[in-house]
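Survey of secondary and tertiary structure
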Amino acid sequence: MGKFPEADARIAQVNVCRKCKTRNTRGVEKCRKCGSAYLRPKRREIRAKK
Ligand SMILES: [Zn+2]
């Protein structure tokens, strides 16, 4: 979990293109930048640096 709950909720609604790593809003079927259909949901938990 991050520092801000609001930010966590928003991050969870984001898809990331596997090809160019562009962030896309959830629900889109293709990347807005490269048109690739290879999208993955952004990871909910981001590991902090030790
Ligand atoms: Zn892309």
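Residues numbered from 1 in each chain as written. Predicted model: local features only at pLDDT ≥ 70, side-chain atom pairs only at ≥ 80, totals over all residues.

What follows deals with the environment of Cys34. Residue placement: Cys34 occurs in the loop between strand S2 (23–25) and strand S3 (39–41). Between the C-alpha atom of Cys34 and that of Lys19, which follows or precedes it by 15 residues, the distance is 8.0 Å. Discounting chain neighbours no more than four positions away, the residues touching Cys34 are Cys17, Lys19 and Cys20. (Helix = DSSP H or I, 4+ residues; strand = E, 2+ residues; numbered from the N terminus. Contact = placed C-beta atoms within 7 Å.)

A few words on the sheet that holds strand S1 (residues 14–17). Pairing is antiparallel in the open sheet, where 3 strands are placed in the order S2-S1-S3. Since the sheet does not close on itself, it has two edges, and those belong to S2 and S3, each with one partner. For this sheet, the mean inter-axis angle between neighbouring strands, taken without regard to orientation, is 40°. Here S1 pairs with S2 via 3 bridges, running antiparallel. Within the sheet, the bridge partner assigned to Val14 lies in S2 and is Thr25. (Pairing = 2+ DSSP bridges. Axes fitted to C-alpha atoms, helices over the stretch in contact; angles between N-to-C directions.)

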